[in-house]
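Now for the letters of each chain:
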Amino acid sequence: MHEPEIPHDWQGQIASRIATLGQLEEYIELTSGERAAFEGEPVLSLAVTPCYAKQLSHPALRGTMVPSEHEKEPGSGELADPLGEEEHRVTPHLIHTYPDKVLFLATTFCPVHCRYCTRSRMVGKPADSLSLFGQTFQYIEEHTEIRDVLISGGDPLALTDSVLDGILSRLRKIPHIRVVRIGSKVPAVLPMRITDELCAILRKHRVWLSLHFIHAAELTPETKAACRKLSDHGIGMVSQTVLLKGINDDAQTLTDLFYGLLEINVKPYYLLQCDPVHGSARFRTSVEKGIELIRSLHGSISGLAIPQYVIDAPGGGGKVPILGVEQIRREGEDIVITNYEGKEYRYPDPGS
Ligand code: SF4
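Within each chain, residues carry numbers counting from 1 in the order of the written sequence. Local features in this predicted model are restricted to residues of pLDDT 70 or higher, and side-chain atom pairs are both shown and tallied only at a pLDDT of 80 or more, whereas totals for entire chains, interfaces and linings draw on every residue.

Student: I tried to follow the environment of Cys117 on my own but got confused; where do I start?
Tutor: Looking at the element boundaries, Cys117 is found in the loop between strand S3 (101–105) and helix H6 (134–142). Separated by 55 residues in sequence, Cys117 and Arg172 place their C-alpha atoms 29 Å apart. By the convention adopted here, residues make contact when the C-beta atoms placed from their backbones lie within 7 Å. For Cys117, the contacting residues outside a window of four places in its chain are Leu44, Val123 and Val277. For helices the rule is a DSSP run of H or I covering at least 4 residues; for strands it is a run of E covering at least 2, with both sets numbered from the N terminus onward.

Student: What should I look at first to understand the sheet that holds strand S10 (residues 318–321) in this one?
Tutor: Remark on secondary structure: sheet strands pair via backbone hydrogen bonds, oriented parallel or antiparallel. Strands qualify as paired when DSSP identifies two bridges or more between them. On the basis of which strands lie adjacent, the open sheet formed by ten strands has the order S1-S2-S3-S4-S5-S6-S7-S8-S9-S10 and mixed pairing. Edge strands, defined here as strands with exactly one partner in the open sheet, are strand S1 (89–91) and S10. Both strand S5 (residues 179–184) and strand S6 (residues 207–212) contribute to a ladder of five bridges, which runs parallel. Across the sheet, the residue bridging to Val180 is Val207, located in S6.

Student: Before we go on, may I ask you to explain the environment of Lys185 in this structure?
Tutor: Relative to the helices and strands, Lys185 is located in the loop between S5 and helix H8 (186–189). As for Lys185 and Thr108, which are separated by 77 residues in sequence, their C-alpha atoms are 14 Å apart. Non-local contacts of Lys185, meaning those with residues more than four positions away in its chain, are made with Val112, Asp155 and His212.

Student: What should I look at first to understand the site of the ligand in this one?
Tutor: Using a C-beta atom placed from the backbone, a residue is described as near a molecule or strand when that atom lies within 6 Å of it. As a matter of local geometry, the ligand sits amid Cys110, Val112, His113, Cys114, Cys117, Arg119, Val123, Gly154, Asp155, Lys185 and His212. Lys, Arg, Asp and Glu make up the charged group, whereas Ala, Val, Leu, Ile, Met, Phe, Trp, Tyr, Cys and Pro make up the nonpolar group; the residues left over, Gly among them, are polar. Classifying every residue of the shell around the ligand by side-chain character gives five nonpolar, three polar and three charged.

Student: When you look at unusual backbone geometry in this model, what are you seeing that I'm missing?
Tutor: A negative phi angle is the norm for most residues apart from glycine, just as the trans form is the norm for most peptide bonds. Put simply, Gly153 and Gly154 share a cis peptide bond, and its omega is 20°. Mapped onto the elements, Gly154 comes out in the loop between strand S4 (148–152) and helix H7 (161–172). Phi is positive for Arg206, which is not a glycine, with a value near 50°. Tracing the backbone through its elements, the reader meets Arg206 in the loop between helix H9 (196–204) and S6. A positive phi angle, close to 65°, is found at Asn265, a residue other than glycine. Tracing the backbone shows Asn265 in the loop between helix H11 (251–263) and strand S8 (267–273).

Student: Quick question: what am I supposed to make of the sheet that holds strand S11 (residues 329–331) here?
Tutor: Pairing in this open sheet of three strands is antiparallel, and the strands run S11-S12-S13 from one edge to the other. Edge positions in the open sheet fall to S11 and strand S13 (344–348), since each of these has one partner strand only. Geometrically, the sheet is characterised by an average inter-axis angle of 35° between neighbouring strands, direction not taken into account. To obtain an axis, a line is fitted to C-alpha atoms, over the contacting stretch when the element is a helix, and the angle between two such axes runs from 0 to 180 degrees between their N-to-C directions.

Student: Where do I start with the packing of H7 against H9 in this structure?
Tutor: When two helices pack together, you describe them by how their axes are tilted relative to each other and by the distance separating the axes. Direction vectors running N to C along H7 and H9 enclose 5°, while the axes themselves pass 10 Å from each other. The angle between the axes of H7 and H9 places the two elements in the roughly parallel class. When H7 is examined against H9, the residues Asp161, Leu164, Asp165 and Leu168 are found in contact with a partner set consisting of Glu197, Leu198 and Ile201. Split by residue class, the contact of H7 with H9 holds four nonpolar, no polar and three charged. Each angle receives one of four descriptions, namely roughly parallel if under 35 degrees, roughly antiparallel if over 145, roughly perpendicular if within 65 to 115, and oblique otherwise.

Rendered as structure tokens:
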């Protein structure tokens, strides 16, 4: 198998993304089932940066990037918008679910398309322009109860420096905004994007990064160097890891990842139960398994390396930290959880 030339700059990597069956087969051999996934209209298109595609021989990373023939069939309880974000959309780019926090969807573009993406309904659609953000800034200015803005998408770090600087400058002019966070998988899938210029922008605006990592195999020398550069520039970093069946759902795999993250100054923050998005059944563990895993880490690894295990309550109930089985109630194929407002939400979980 002949691997194509890989561009070294981040724009070149984006321009050369693997987006077709033929391009993917230049990196890995596919099974007949995987080839079948390319027939008909996909729910989420294929997208992998060439530098990440080089790692697809690792089964964990392959499992999250290569489409499956099963993902077109919505399973029981699965939804196109599992977190009910659309019901809380207050401007074309803003979701307001919690009283003091907003989710700013700055772009629909993402360098890679994870097959379990919660926002597969919008990721990969044409990007919007900064001029359309006026309503969003106005809403944030008028709502003085908002303290915390999480910029997400898509992946905001795939925006150009000038667009990102423009968004952050505008947000930082709003006196009641105290925290600005960016959600990104870029250090794992496009580490050359972490330039000194980008770091200077993030530092100038005192941005926290919430980084998406799922496996220690993502911690390549380039990714470690990118995170160390961010850390050297004083950027605070936490990680979010989605718990994925057959990919990272064992204590040793999680331990390796969490210690690996601490070594590059990224604090493991959330271990997220996989959202019940359309076609996600193959990725979802039972909640009981998640509890068992997080409990096994307590007492066996450094407390600093242990994230909080959370379920994002389907339908917009927000994140519910899960510490033990006493917090959940099984009703048939659903797990019932209670959010910070005392309201009950159901997570579809057929069990293991
Ligand atoms: S990196 Fe995040 S936004 Fe992009 S496809 Fe993966 S889960 Fe979705």
